[in-house]
Amino acid sequence: MKIAVLPGDGIGPEIVAQAVKVLEALRADGAKIEMESAPIGGAGYDAAGDPLPDATLKLARAADAVLLGAVGGVQYDTLERPLRPERGLLRIRKELNLFANLRPALLYPELAGASSLKPEVVAGLDLMIVRELTGDVYFGQPRGIEVRNGERVGFNTMLYSESEVRRVAHVAFDIAMKRGKRLCSVEKSNVLECSELWKEVMIEVAKDYPAVELSHMYVDNAAMQIIRAPKQFDTMVTGNIFGDILSDAASMLSGSIGMLPSASLDEHNKGMYEPIHGSAPDIAGKDMANPLATILSVAMMYRYTFADLATADRIENAVKKVIAEGYRTGDIWTEGTQKVSCSTMGDAVVKAL
Ligand code: NAD
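Residues numbered from 1 in each chain as written. Predicted model: local features only at pLDDT ≥ 70, side-chain atom pairs only at ≥ 80, totals over all residues. Heavy atoms only, no water.

Chemist: Where do I start with the domain arrangement of the protein in this structure?
Modeler: As a measure of interface size, the accessible area lost when the parts come together is often cited. Each assigned domain of the protein is listed with its residue range as follows: domain 1 (1-101 + 261-353) and domain 2 (116-254). Relative to domain 2, the C-alpha centre of domain 1 lies at a distance of 24 Å. With 13 residues of domain 1 at the interface, the matching set in domain 2 holds 13 residues. Of the roughly 1300 Å² buried where domain 1 meets domain 2, counting both sides, 62% is carbon and sulfur surface. Considering only the side of domain 1, the residues that lose the most area to domain 2 are Lys94, Phe99 and Asn101, jointly responsible for 47% of the buried surface there. Summed over the shared surface of domain 1 and domain 2, the result is three residue pairs in polar contact (both at pLDDT 80 or more). Put simply, the parts of the chain that give the side of domain 1 that touches domain 2 at least two residues each are helix H4 (85-95) and strand S4 (100-106). Among the elements that make up the side of domain 1 that touches domain 2, the one with the highest residue count is H4 (four residues). (Domains from an automatic or database assignment. Contact = heavy atoms within 4.5 Å. Buried area = accessible area lost by both parts, 1.4 Å probe. Polar contact = N/O pair within 3.5 Å; in protein donor to acceptor, adjacent residues only side chain to side chain. Helix = DSSP H or I, 4+ residues; strand = E, 2+ residues; numbered from the N terminus.)

Chemist: What's the story with H4 in this structure? I'm lost.
Modeler: Each α-helix turn comprises 3.6 residues. Residues three or four places apart therefore point the same way. Every buried residue of H4 is listed here: Pro85, Gly88, Leu89, Ile92 and Arg93. Along the long axis of H4, the arc covered by the buried residues comes to 130°, so they all point the same way. Of the surrounding elements, those touching the buried residues of H4 are strand S1 (2-8), helix H2 (42-48), helix H3 (54-62), strand S3 (65-70) and strand S12 (271-275). Phi turns positive, to about 55°, at Asn97, one or two residues after H4. (Buried < 20%, exposed > 50% of the residue type's maximum accessible area, 1.4 Å probe, protein only. Arc of directions from axis to C-beta.)

Chemist: What is the right way to read the site of the ligand from this model?
Modeler: Residues in close proximity to the ligand total 20 residues, the closest being Val71, Glu86, Gly278, Ala280 and Asp282. Note that a nitrogen atom of the ligand is positioned 3.1 Å from one of the side-chain N or O atoms of His277. Taking Ala280, its main chain carries an N or O atom lying 2.8 Å from an oxygen atom of the ligand. Within the complex, the protein chains bury 67% of what would otherwise be the 810 Å² of accessible surface of the ligand. (Near = heavy atom within 4 Å. Areas by Shrake-Rupley, 256 points an atom, 1.4 Å probe, with all protein chains shown as cover.)

Chemist: Please clarify how the state of the cysteines should be interpreted in this entry.
Modeler: What makes a disulfide is a covalent bond joining the sulfur atoms belonging to two cysteines. Throughout the structure, instances matching the rule amount to zero disulfides. Cys194 supplies the cysteine sulfur nearest to Cys184, a cysteine that is in no disulfide, at a spacing of 17 Å. Cys194 sits in the buried class, given a relative accessible area of 16%. (Disulfide = S-S within 2.5 Å.)

Chemist: Looking at this model, I keep getting lost on the side chain of Arg131. Mind explaining?
Modeler: Inspection of the secondary structure assignment puts Arg131 in strand S5 (residues 126-132). Within the local environment of Arg131, its side chain forms a polar contact with the side chain of Asn240, the two groups lying 2.8 Å apart. Not counting residues within four places of it along the chain, the set of residues in contact with Arg131 comprises Phe99, Ala100, Asn101, Arg103, Tyr138, Thr238, Gly239, Asn240, Gly243 and Asp244.

Chemist: How should unusual backbone geometry be read in this particular structure?
Modeler: Where the residue is not glycine, phi is negative for most of them; where a peptide bond is considered, it is trans in most cases. In this chain, Gln141 is followed by Pro142 through a cis amide linkage whose omega measures 0°. Looking at where Pro142 falls in the secondary structure, it is placed in the loop between S5 and strand S6 (144-148). Of note, the phi angle at Lys181 is positive, near 60°, even though the residue is not glycine. Here Lys181 shows up in the loop between helix H6 (162-178) and strand S8 (182-187). For Asn269, which is not glycine, the phi torsion reads 65° and is therefore positive. Relative to the helices and strands, Asn269 resides in the loop between strand S11 (261-265) and S12.

Chemist: I'm lost on the nonpolar core in this one. Help?
Modeler: A general trend in soluble globular proteins is that nonpolar side chains are found buried together. Grouped together as the largest cluster of nonpolar side chains are 63 residues, with contacts concentrated most on Leu102, Val130, Phe173, Tyr302 and Ile315. If you tally residues by element for this core, the top one is helix H10 (residues 292-304), at nine residues. Two domains each provide a minimum of three residues to this core, namely domain 1 (1-101 + 261-353) and domain 2 (116-254). Look past the residues within four positions of Leu102 in its chain and what remains in contact with it is Met128, Ile129, Val130, Val171, Ile175, Pro261, Ser262, Ala263, Leu265, Met300 and Tyr304. Core analysis: the second largest hydrophobic core is formed by 20 residues, Val122, Leu125, Met236 and Phe242 among them. (Core = buried A, V, L, I, M, F, W, Y, C linked by side-chain atoms within 4.5 Å.)

So this is what it looks like as structure tokens:
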């Protein structure tokens, strides 16, 4: 298996280094994996004047899976839009046709106190959000800022084709089948035609999955329910912009965005795996970041691309063990636990593995 390793910016290189330690430990144990690194985001711009250099894209295309840290930094915020780090990320997702983004929100019992919600609301939470990633208002044309009637107007287009909705629906139903067999489709069909089509296609696809109970919810209500009673959900499927916002809200249920991995898959289960958080410039270079989201992203890589569930479980169990042993980076630290650095946390996971 070839893994393209793209550390990116800010804390990206620090957290990816810990995930690479885990991969190296697995390799020492006999796993047949090759790793090669390349720059992306601001690092891509610095190296080749492009947030997604050609060589990086070529490496990612040739790989079976991509491990990404994070991109972005204030020094790049004044660049022209196409040169900004985030554009590199949007482009690689589009180029690799990674249309299904899987974002679990899971609460480790020991971390219930780190959530901003009451423990009884979040304890035992196990939610999977499937977000469509390559369509919607983020990519729809036309888009732009122009002068109309003497003033500037900004505009974007919310757009989904039937086939785009159908393929993400299949991914979501397949995942729901392996979980609690309940799928909630989130949209805004009371107001948006785009959502009306989304809902119709979901209902059509549901006929192929009679064992899954499909429900529908407007996104405004979903935002409220995710905070009010998040355990009512098993698997959720939604479009790109709604998923962007809801999955960040859901991430806070579990205490820290430093704990949450993600996978973005194409039609053949090739995937890009990355923590959900950004490049955290405020703590970059200080060996303080939580590497567990990135390490858990490697577990997802084993589960979804390599279809090696035993190794996926092994990595997740190693993370559970270090949490149970009381190791905490600053973002999840509470009184009575042991505050450790990013690299110490990585070493502890390798030891637990
Ligand atoms: P962020 O996720 O980088 O940080 C938000 C807060 O969470 C910060 O206080 C940060 O210190 C903390 N945090 C994030 N990851 C952490 C970790 N692993 N361990 C401990 N604490 C952690 O979001 P932001 O501040 O809005 O954005 C910073 C930069 O990251 C921007 O340039 C933004 O565009 C970029 N960004 C990139 C991605 C990505 O690469 N996928 C996602 C979101 C934001």
